Amino acid sequence: MNKKTEFSPLREFKLPKMGESITEGTIINWLVQEGETFEEGDILVEVGTDKVDNEVPAPFSGKMIEHKFAPKDVVKIGKTIAVLKEMAGGRKTDDGRRKTEDGRQKPEDGRQKPEAPKIQKPATRNPQPATINPDQNTFFSPLVISIAKQHYISYEELARIPATGKEGRLRKSDVFSYIEEGRPAQFAQPVFENNGGFQVPDLKFDKGKGKIVEMDRMRQMIADHMVFSKHTSPHVTAYVEADMTEMVNWRNANKKSFQEKHGEKLTFTPLFIQAVAKAIQDFPMINSSLDGNNIIVKEEINIGMATALPSGNLIVPVVKKADKKNLPELAKVINELAGKARDNKLKADDTRGGTFTISNVGTFGSLMGTPIINQPEAAILATGIIKKRAEVMEYEDGDKIEIRQMMMLSLSFDHRIVDGFLAGSFLKRIADYLSQSRRDAK
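These remarks concern the structure in this document. Keep in mind that this is a model prediction, so the values were computed, not measured.

Here the focus is the pattern of salt bridges. The full count for this structure, using the stated rule, is 18 salt bridges. The partner of Arg-11 in a salt bridge is Glu-86, with the nearest N and O atoms 2.4 Å apart. Within this pair, whereas Arg-11 is found in strand β1 (residues 7-14), its partner Glu-86 is found in strand β8 (residues 80-87), the two being separated by 75 residues in sequence. The partly exposed category is assigned to Arg-11, whose relative accessible area is 36%. When the shortest N-O distance is used, the salt bridge between Asp-282 and Arg-429 registers 3.1 Å.

Now the structure itself:
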């Protein structure tokens with residue numbers, strides 16, 4: 001006689017913490033459907049964050065009772081996402097297929113797509129554009145500001161959210177309701193009280209007709225992050241040219257022996273990062289971020305490198321303690337991170353903790369770029385294409401025209417933290433390091 005499986009009382013399954021700065025995740029796909037059993041360690045659900053996608057395993061063997069959220073729903077860390085029953089051992093058939101309680105079998109792969117669970121959501125409000133008096137000092141509580149920072153909501157957008165608190169104060173529930181509604185006023189222009197001054201016109205643009213391509217989750221988060229950065233930081237961009245002739249010649253002469261000796265390809269990226277790390281050591285204030293009225297000068301130099309994913313989106317894996325690594329160590333870490341990005345295998349820790357970012361727009365053939373700061377950093381560097389050009393070279397016996405390998409560098413910086421002198425000096429120092437002979441980098 002078969003022993004009957006005994007279930008414990010219902011247990012809540014909460015969305016686990018996925019990193020220090022991660023406050024929410026998006027349900028991508030449920031791998032165990034309602035009514036199915038599972039074993040400890042089985043992947044229950046795939047969850048996406050603003051960094052990477054994560055697989056969440058079962059903490060015990062049991063049965064899936066109810067999904068609290070459907071795919072594409074955004075969930076706070078620590079919130080209950082499912083109801084489970086625990087049992088002393090999962091039930092799987094010999095051919096590896098799951099069994100429901102009534103004995104029917106469902107294959108591991110190619111399961112029938114379940115109907116999305118019916119989830120009650122608050123009734124959608126119909127907010128009107130907030131009227132803003134430019135001379136009015138709008139007050140937001142520290143809690144509301146904290147929530148806004150987590151969701152990259154600017155002060156201008158906060159002012160557009162309908163407030164239900166006393167004396168028109170914005171409450172926490174107002175902000176969460178607004179987020180659940182999809183942030184309808186995110187890109188709207190505020191309407192100012194007309195006191196004889198300028199009023200923002202309500203322009204009706206013809207957006208045209210064509211193929212509709214829905215933005216994927218990562219592209220939406222990139223858009224939010226970029227808009228937040230432009231709202232938050234007054235961007236200023238400085239430019240300089242670097243003579244890369246010595247570096248190009250050194251790399252061409254040594255890349256084969258470098259790979260034979262260290263087992264790693266020598267691209268330009270580790271050379272760029274090495275130069276930037278040295279320049280940051282010379283100008284540490286560039287390696288900072290703003291917290292209210294305080295500037296935090298970072299102890300570590302962790303350099304992010306903007307990397308294209310197979311989907312076309314960008315992600316920024318981080319080279320930790322770049323100033324402590326020699327060239328072979330930098331090449332190894334960078335090649336590993338680039339490989340993970342291509343294979344969609346980056347983990348949350350691979351993209352966390354950056355203090356400065358490099359974007360190599362020259363990879364796409366661009367002469368130069370004006371990058372947007374990767375918040376909460378103070379600056380971001382863009383490196384353009386390395387291009388041969390006739391240059392006037394000064395020598396003791398006179399000027400000469402030579403073919404040189406030139407590259408444009410552009411530095412976008414937060415003018416709240418960094419002034420023009422610091423930015424220009426730092427950018428020129430990078431160019432100087434890049435222009436030097438690379439014989440010391442063997």
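Still to come is the rest of the account.
Bringing the packing of helix α6 (residues 268-282) against helix α7 (residues 327-342) into the picture now. Two quantities define a packed helix pair, namely the angle between the helix axes and the distance between the axes. For the pair α6 and α7, interaxial distance at closest approach is 9 Å and the crossing angle is 120°. In terms of orientation, α6 lies oblique with respect to α7. At the point where α6 passes α7, the crossing takes the right-handed sense. Across the interface between the two elements, Thr-269, Pro-270, Leu-271, Ile-273 and Gln-274 from α6 touch Leu-327, Leu-330, Ala-331 and Ile-334 from α7. Looking at side-chain class alone, the contact of α6 with α7 contains 7 nonpolar, 2 polar and no charged residues.

Another point: helix α3 (residues 172-180). Among the residues making up α3, those that are buried are Asp-174, Val-175, Tyr-178 and Ile-179. Along α3, the residues classed as buried sweep out an arc of 130° about the axis, all on the same side. Phi turns positive one or two residues past the end of α3, at Gly-182, with a value near 90°.

So, on to the packing of aromatic side chains. Taken as a whole, this structure holds 3 aromatic pairs when the rule is applied. On the basis of an interplanar angle of 40° and a centroid distance of 6.4 Å, the ring pair of Phe-38 and Phe-60 is categorised as tilted. Of this pair, Phe-38 sits in strand β3 (residues 37-38) while Phe-60 is found in the loop between β5 (53-57) and β6 (62-67), placing the two residues 22 residues apart along the sequence. Both residues of the pair, Phe-38 and Phe-60, belong to the buried class. Ring centres 6.0 Å apart and planes at 20° place the aromatic pair Phe-268 and Phe-272 in the stacked group. With Phe-268 and Phe-272 both in helix α6, this residue pair falls 4 residues apart, about one helical turn. Taking the ring centre of Phe-268 as reference, the NZ or CZ of Arg-251 above it sits at 4.5 Å.

Viewed as axis vectors pointing N to C, α6 and helix α8 (residues 420-435) meet at an angle of 135°, and their least axial separation amounts to 9 Å. One finds that α6 runs oblique with respect to α8. In this structure, α6 crosses over α8, and the sense of that crossing is right-handed. Facing Leu-271, Phe-272, Ala-275, Val-276, Lys-278, Ala-279, Ile-280 and Asp-282 of α6, the residues of α8 in contact are Phe-426, Arg-429, Ile-430, Tyr-433 and Leu-434.

Parameters at a glance
- Residues numbered from 1 in each chain as written.
- Predicted model: local features only at pLDDT ≥ 70, side-chain atom pairs only at ≥ 80, totals over all residues.
- Heavy atoms only, no water.
- Salt bridge = Lys/Arg side-chain N within 4 Å of Asp/Glu carboxyl O.
- Helix = DSSP H or I, 4+ residues; strand = E, 2+ residues; numbered from the N terminus.
- Buried < 20%, exposed > 50% of the residue type's maximum accessible area, 1.4 Å probe, protein only.
- Axes fitted to C-alpha atoms, helices over the stretch in contact; angles between N-to-C directions.
- Parallel < 35°, antiparallel > 145°, perpendicular 65-115°, else oblique.
- Left-handed = near helix turned anticlockwise from the far one by under 90°.
- Contact = heavy atoms within 4.5 Å.
- Nonpolar A, V, L, I, M, F, W, Y, C, P; charged D, E, K, R; others polar.
- Arc of directions from axis to C-beta.
- Phe/Tyr/Trp six-rings, centres within 6.5 Å; stacked < 30°, edge-to-face > 60°.
- Lys NZ or Arg CZ within 6 Å of the ring centre and 35° of its normal.

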